[in-house]
Amino acid sequence: IGGGSVEITPGTGSQVDFARSFKIGVIRLTEGFVDSDPIWSRDERKMTKFIREQIDRYIEHIVEQGYDRVIGTSGTILSLGTVATAVDRGSVPSEVRNLRVPVKALRKLRKTVVEMDLEERMHLPGLDPRRADLMVAGAVLLDTLLKKLDAEEITLCDLALREGVLLD
């Protein structure tokens, strides 16, 4: 999950089966759907519907093909996973690489952050306050994706596009 887009790429090891980029990043979603603080439930529903319209068929194909694990990269997912774990466990994890975060913890976090205003979100344990303004869209987006995948957990990876370009 990035600011402008989301990349969803099924594969095995270094093999990419197929890849797709969707223009539903957290900045785009925030600008397009978040008109109040906290977000109005009507706007949250509109955002969720929009996300599903973009990704449903693609995700359905992934589910049909089957998968073993969901791995999430980049700042938004790492932030959400860190905060969800901190809230769930009562302490901020010291290491996020390969941290497995239950979808239930992320769903609970979504329900919490959509009811908070910016000032409240800035004080969430483990959250970089600079990410608080985009957290609502990120939580809605990640939860919607994981729900459609029928995933039980997501594994966090602190490597991202930049490191992939370097490795390539």
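Here the structure is shown first, and the text comes after it.
The text that follows walks through the structure, step by step, so that each part is easy to find. (Residues numbered from 1 in each chain as written. Predicted model: local features only at pLDDT ≥ 70, side-chain atom pairs only at ≥ 80, totals over all residues. Heavy atoms only, no water.)

With respect to the overall build of the protein chain
Stage number 1. A tally of helices and strands in the protein chain yields 7 helices and 7 strands.
Stage number 2. Ordered by position from N to C terminus, the α and β elements of the protein chain give β-β-β-β-α-α-β-α-β-α-α-α-β-α.
Stage number 3. Principal-axis analysis of the C-alpha atoms places the extent of the protein chain at approximately 45 × 35 × 30 Å.
Stage number 4. Looking at the protein chain as a whole, 43% of its 168 residues are labelled buried.
Stage number 5. When the accessible surface of the protein chain is split by element, carbon and sulfur atoms take 48% of a total near 9,800 Å².
Stage number 6. The protein chain carries 24 positive and 27 negative side-chain charges, and their two centres are separated by 3 Å. (Helix = DSSP H or I, 4+ residues; strand = E, 2+ residues; numbered from the N terminus. Buried < 20%, exposed > 50% of the residue type's maximum accessible area, 1.4 Å probe, protein only. Areas by Shrake-Rupley, 256 points an atom, 1.4 Å probe, with all protein chains shown as cover. Lys, Arg positive; Asp, Glu negative; His and termini not counted. Charge placed at Lys NZ, Arg CZ, Asp CG, Glu CD.)

Some remarks on the environment of Leu 106
Stage number 1. As for its placement among the helices and strands, Leu 106 is situated in helix H4 (residues 103–113).
Stage number 2. Between the C-alpha atom of Leu 106 and that of Thr 82, which follows or precedes it by 24 residues, the distance is 9.8 Å.

Here we look at the sheet that holds strand S7 (residues 153–157)
Consider a sheet: its strands pair through backbone hydrogen bonds, and that pairing is either parallel or antiparallel.
Stage number 1. Here 3 strands make up an open sheet; going across it, the order is S5-S7-S6 and the pairing mixed. In this open sheet, the two strands that pair with only one neighbour each are strand S5 (71–73) and strand S6 (100–102). For this sheet, the mean inter-axis angle between neighbouring strands, taken without regard to orientation, is 35 degrees.
Stage number 2. Two strands pair when backbone bridges link them, and S5 and S7 are joined in this way by 3 bridges, in the parallel orientation. Bridging from a neighbouring strand, Thr 73 pairs with Cys 157 of S7. (Pairing = 2+ DSSP bridges. Axes fitted to C-alpha atoms, helices over the stretch in contact; angles between N-to-C directions.)

Observations concerning the pattern of salt bridges
Stage number 1. Tallied over the full model, the rule gives 12 salt bridges.
Stage number 2. Notably, a salt bridge pairs Asp 143 with Arg 110, separated by 2.8 Å at the nearest N-O pair. One end of the pair, Asp 143, is in helix H6 (residues 135–149); the other, Arg 110, is in helix H4, with 33 residues separating them in the sequence. Here the two residues Asp 143 and Arg 110 agree in accessibility, since each one is buried.
Stage number 3. When salt bridges that share partners are traced, they join Glu 44, Arg 107, Arg 110 and Asp 143 into one network. (Salt bridge = Lys/Arg side-chain N within 4 Å of Asp/Glu carboxyl O.)

A look at the packing of aromatic side chains
Aromatic rings in a pair are described by how distant their centres are and how their planes are angled relative to each other.
Stage number 1. The tally for this structure, following the rule as stated, stands at 3 aromatic pairs.
Stage number 2. Between Phe 22 and Tyr 58, the aromatic rings sit 5.3 Å apart at their centres with planes inclined by 65 degrees, giving edge-to-face as the arrangement. Placement of the pair is Phe 22 in strand S4 (residues 20–22) and Tyr 58 in helix H2 (residues 41–65), with a sequence separation of 36 residues.
Stage number 3. Taken together, a centroid distance of 5.4 Å and an interplanar angle of 45 degrees make the contact between Phe 33 and Phe 50 tilted. (Phe/Tyr/Trp six-rings, centres within 6.5 Å; stacked < 30°, edge-to-face > 60°.)

Looking at the packing of helix H3 (residues 74–89) against H6
Stage number 1. Relative to each other, H3 and H6 sit at 85 degrees, their axes nearing to 10 Å. Relative to H6, the element H3 is oriented roughly perpendicular. Every residue of H6 that contacts H3 at Thr 76, Ile 77, Leu 80 and Val 83 is listed here: Met 135, Gly 138, Ala 139 and Leu 142.
Stage number 2. In terms of residue class, the contact of H3 with H6 is made up of 6 nonpolar, 2 polar and no charged. (Parallel < 35°, antiparallel > 145°, perpendicular 65-115°, else oblique. Contact = heavy atoms within 4.5 Å. Nonpolar A, V, L, I, M, F, W, Y, C, P; charged D, E, K, R; others polar.)

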